[in-house]
Amino acid sequence: MFQKFVIIAAWASILALAFATLTHVGFVYSIYYKLAPLLMRPGMRIYAHFEHVIAFAVFGALFAFAYPKRLMFACSIVFISAVALEYLQTLTPDRHGTLIDAFEKIVGGALGIFATRAILWFTRHRRQFQN
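Residues numbered from 1 in each chain as written. Predicted model: local features only at pLDDT ≥ 70, side-chain atom pairs only at ≥ 80, totals over all residues. Heavy atoms only, no water.

Topic: the overall build of the protein chain
Part 1 of the reasoning: Counting its secondary structure elements, the protein chain contains six helices and zero strands.
Part 2 of the reasoning: Taken from N to C terminus, the helices and strands of the protein chain fall in the order α-α-α-α-α-α.
Part 3 of the reasoning: Counting over 131 residues, the protein chain shows a buried share of 33%.
Part 4 of the reasoning: Accessible area of the protein chain: about 8700 Å², with a carbon and sulfur share of 75%. (Helix = DSSP H or I, 4+ residues; strand = E, 2+ residues; numbered from the N terminus. Buried < 20%, exposed > 50% of the residue type's maximum accessible area, 1.4 Å probe, protein only. Areas by Shrake-Rupley, 256 points an atom, 1.4 Å probe, with all protein chains shown as cover.)

Dropping the structure here:
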């Protein structure tokens, strides 16, 4: 049951990321202005860098948890999604996709996948460390 929930959450996260990436830029600014007081008012560009990495780290972690035995599938989905969303951003009138943004998203996805793989490895081998 939990595995199905994680799979649904992973695929739903693609939709959420696509919406946030391709929607009108005003949506992104509205989220920034709501979160800025809580985050000690970082600059918009710094916020965007962290947002890319954190969002795709969660995205990568969800896919790594959803498909723990299919690492290449999870990596492919995450990395192709990062590049495809940046490319699709160039087709919108008020957004622009850049290689730096794509790189940030790929690094974030890789960090999420790596962290999940480490968590899964340590939970499986916990008994060896206890003895």
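Continuing now.
Regarding a nonpolar patch on the surface
Part 1 of the reasoning: On the surface, Phe-19, Phe-27 and Ile-31 cluster together into a nonpolar patch covering about 250 Å² of accessible area.
Part 2 of the reasoning: Structurally, Phe-27 is set in helix H2 (residues 25–35).
Part 3 of the reasoning: Residue Phe-27 is classed as partly exposed on the basis of its relative accessible area of 31%. (Patch = residues over 30% accessible without salt bridge, like charges linked within 9 Å, V, L, I, M, F, W, Y side chains within 5 Å. Salt bridge = Lys/Arg side-chain N within 4 Å of Asp/Glu carboxyl O.)

Topic: the environment of Ala-110
Part 1 of the reasoning: Structurally, Ala-110 is set in helix H5 (residues 99–124).
Part 2 of the reasoning: Using a relative accessible area of 31% as the deciding quantity, one classes Ala-110 as partly exposed.
Part 3 of the reasoning: Along the backbone, Ala-110 and Ala-61 are 49 residues apart, and their C-alpha atoms lie at a distance of 8.7 Å.

Description of helix H4 (residues 71–89)
Part 1 of the reasoning: With 19 residues, H4 should cover 27 Å at 1.5 Å per step; its first-to-last C-alpha distance of 27 Å lies within 8% of that length.
Part 2 of the reasoning: Along H4, the positions that sit buried rather than exposed are Ala-74, Cys-75, Ile-77, Val-78, Ser-81, Ala-82, Leu-85, Glu-86 and Gln-89. One face of H4 carries all of its buried residues, which in axial projection span an arc of 165°. Seen from the open side of H4, the exposed residues pointing more than 90 degrees away from its buried face are Met-72, Ile-80 and Tyr-87. (Expected span 1.5 Å × (residues − 1). Arc of directions from axis to C-beta.)

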